[in-house]
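Each chain is listed here by its residues.
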Amino acid sequence: MTISLERTAVVHPDAAPAPTTQALLERFTPVFEAIAATAIHSEATRTLAHEAIALLKASGFTAIRVPVAFGGAGATLAQSLQLLRELGAADSNLVQALRAHFTTVETLVSGTDTAARQRWLPRVVAGDVFGNATTEKGNKPGTNSTLLTEEAGRTVLNGTKYYSTGSLYADWIKVSADTAAGDSVRVSVHRNDPGVELLDDWDGFGQRLTASGTTRFTNVEVAPENIDVSSGVEGIGFGAAYVQGILLVALGGIARAVRREAIAYVQGRERTFSHGVGESAQRDPLIQEVVGRISSTVFAIDAVLDAVGSRIQDAAALSAAGILDAESTAELDTELSEAQIFVVEQTLDVANRLFEVGGASAASETRGLDRHWRNARVLGQHNPVIYRARAVGQQRLTGDHLTTPIYVGTSTPKGTNT
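Fair warning: this is a prediction, and the values are worked out from it, not measured in the lab.

(A) Expanded view of helix 1 (residues 21-45). With 25 residues, helix 1 should reach 36 Å at 1.5 Å per residue; the first-to-last C-alpha distance of 34 Å fits that figure. The principal kink in helix 1, of about 40°, is found at Thr38. The inward-facing, buried residues of helix 1 abut helix 2 (50-59), helix 3 (77-90), helix 4 (92-97) and helix 10 (370-379). Count one or two residues on from helix 1 and you reach Arg46, which has phi positive near 50°.

This is the structure:
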């Protein structure tokens, strides 16, 4: 029997009344504005965002999902995705860099492991951030050559991970590994543990500041309490949708930034085209149309992402009640795929249209307008749209969901979607 993803009143043991969205925006908007003010310079000089991450930690943003009982902001899941979208409008790099962190926190908040909550959530409130080390070059998603073995009475970790998104900014790194017996585990290692080597060698043309480089582990000793045999975010039925949702709100943030900068560019433009049809750029009907189309598209993207946040939050409530079944989870994943197809394509479209509002000066590196398209293009490479579209078509035409779980990116591999 399929359970409808309707709003379900489920109260978590740590629950307290959530703050209003307006209160959260008032609290964190100054932080986002400070980050946006330096984003162009940071990208142009490839200055890793250590200061921005420190600001987010100090403001309590990295603990927004932590219940009030533990000292966090107690924001709802949907509110957290909305705030991440606002952060994405300031700098989309930071949303992706913190994806593993928010995924880990969501697992703690929404999961049933009370001991893990008691151990880790106070550290999150104190400012600790989680990074990710899952993907390996040449390996199929979900497989590991990184090994956790027993040597001379010590449990040690050895291996190399790539796309270790956010780990250069993190305090704790969540690592997927296999044991000598062939079991898969997740271990937590501190960035300062002997044998941990973090490399800034990510060479993508977009999302340059996500710190998505290589991490090497050489005989890193792992304490027994830092070995988790559970499946991480896969243990919560809405996990795949949540991880994908973070990528989508990063794209939504880019779209918002495009609208903001298109308006600012035109309003600050004094010259008009010799063949223009208005007395000024602001009053040129053709430029007005471009800005209108950009604004309309961003409105639609926002509407889709609001729906995404609501749907994932509903699924989380059903999961907490123990009534989120496999069919409902598969339908949720299909809806996230539908959202991805739209959001990726439309964000790329507005990032391209941005250049139609200006002349050669729009190409100036000092403006950094190209970063929006580059960042959106790289974000869109996660789980390519062609596979998502095919999967949606299959489900809508035949009713058959994919039998192999969809790979949700660098945070939690779950198989392939081919």
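Having seen the structure, we can now continue with the description.
(B) Expanded view of unusual backbone geometry. A positive phi angle, close to 55°, is found at Tyr163, a residue other than glycine. Turning to its location among the elements, Tyr163 is positioned in the loop between strand 3 (154-161) and strand 4 (172-179). Unusually for a residue other than glycine, Gln207 sits at a positive phi of about 45°. Here Gln207 is to be found in the loop between strand 6 (196-198) and strand 7 (215-221). The buried category is assigned to Gln207, whose relative accessible area is 0%.

(C) A look at empty space enclosed by the protein. Using the criterion set out here, one finds four cavities of 30 Å³ or more in the structure. Reported here for the largest cavity is a volume of approximately 80 Å³. Taken together, 14 residues make up the lining of the largest cavity; nearest its centre are Ala90, Asp91, Ser92, Arg371 and His372. Elements supplying a minimum of two residues to the lining of the largest cavity: helix 1, helix 3, helix 4, helix 7 (239-267) and helix 10. Counted by class, the lining of the largest cavity contains five nonpolar, five polar and four charged residues.

(D) Spotlight on the pairing of strand 2 (residues 147-151). Where strand 2 and strand 3 come together, five bridges link them in antiparallel fashion. Bridged to Glu150 within strand 3 is Thr155. Joining the antiparallel neighbours strand 2 and strand 3 is a turn of two residues, in which Ala152 adopts a positive phi near 55°. Direction of pairing for strand 2 relative to strand 4: parallel, over a ladder of two bridges. Counted as the bridge partner of Leu148 is Thr179 from strand 4.

(E) Region of the structure containing the environment of Gly88. Structurally, Gly88 can be placed in helix 3. Residue classification places Gly88 among the buried positions, given a relative accessible area of 3%. For the pair Gly88 and Ile246, spaced 158 residues apart in sequence, the C-alpha to C-alpha distance is 9.9 Å. Apart from residues no more than four positions distant in its own chain, Gly88 is found in contact with Val95, Gly253 and Ile254.

(F) Seen up close, the packing of helix 7 against helix 10. Close contact between helix 7 and helix 10 brings their axes to 10 Å; oriented N to C, the two are set at 165°. As far as their axial angle goes, helix 10 and helix 7 are roughly antiparallel. Judged by the twist between their axes, the crossing of helix 7 over helix 10 is left-handed. Only Arg371, His372, Asn375, Ala376 and Leu379 of helix 10 make contact with helix 7, whose side of the interface consists of Leu247, Ala250, Leu251, Ile254, Ala257, Val258, Arg260 and Glu261. For the contact of helix 7 with helix 10, a count of residues per class yields eight nonpolar, two polar and three charged.

(G) Fine view of the environment of Gln381. Within the secondary structure, Gln381 sits in the loop between helix 10 and helix 11 (385-398). Classification of Gln381 by relative accessible area gives partly exposed; the value is 48%. Spatially, the C-alpha atom of Gln381 lies 9.2 Å from that of Val344, the residues being 37 residues apart in sequence.

Conventions and cut-offs
Throughout, a residue's number is its position along its own chain's written sequence, starting from 1. Whole-chain, interface and lining totals are the exception, using all residues; otherwise, since this is a predicted model, local features are given only for residues with pLDDT of at least 70 and side-chain atom pairs are given and counted only at 80 or more. In computing side-chain values, all of the structure's heavy atoms are included and hydrogens and water are not. Here a strand is any run of E in DSSP of at least two residues, a helix any run of H or I of at least four, and the numbering for each starts at the N terminus. Take the residue count of a helix, subtract one, and multiply by 1.5 Å to get its expected span. The angle between axes fitted to the seven-residue stretch ending at a residue and the seven-residue stretch beginning at it gives the bend at that residue. Should any heavy atoms of two residues lie within 4.5 Å, those residues are counted as being in contact. Accessibility here uses a 1.4 Å probe with only protein chains present; expressed as a share of the type maximum, an area under 20% marks a residue as buried, one over 50% as exposed, and anything in between as partly exposed. Using a 1 Å grid laid over the protein atoms alone, points where a 1.4 Å probe fits but cannot get out form a cavity; open sets with protein on both sides within 12 Å along at least 5 of 7 lines form a pocket; any residue with an atom within 4 Å of a point counts as lining. Grid points are joined across faces, edges and corners, and a volume is the space filled by probe spheres set on the points. Throughout this entry, Asp, Glu, Lys and Arg are counted as charged residues, while Ala, Val, Leu, Ile, Met, Phe, Trp, Tyr, Cys and Pro are counted as nonpolar. The remaining residues, Gly among them, count as polar. Here, any two strands with at least 2 DSSP bridges between them count as paired. To obtain each axis, a line is fitted to C-alpha atoms, and for helices this fit is confined to the stretch in contact; angles are then taken between N-to-C directions over 0 to 180 degrees. Comment on the angle field: the value is read as roughly parallel under 35 degrees, roughly antiparallel over 145, roughly perpendicular from 65 to 115, and oblique elsewhere. When the near helix sits turned anticlockwise from the far one by under a right angle, the crossing is termed left-handed; a clockwise turn instead gives a right-handed crossing.

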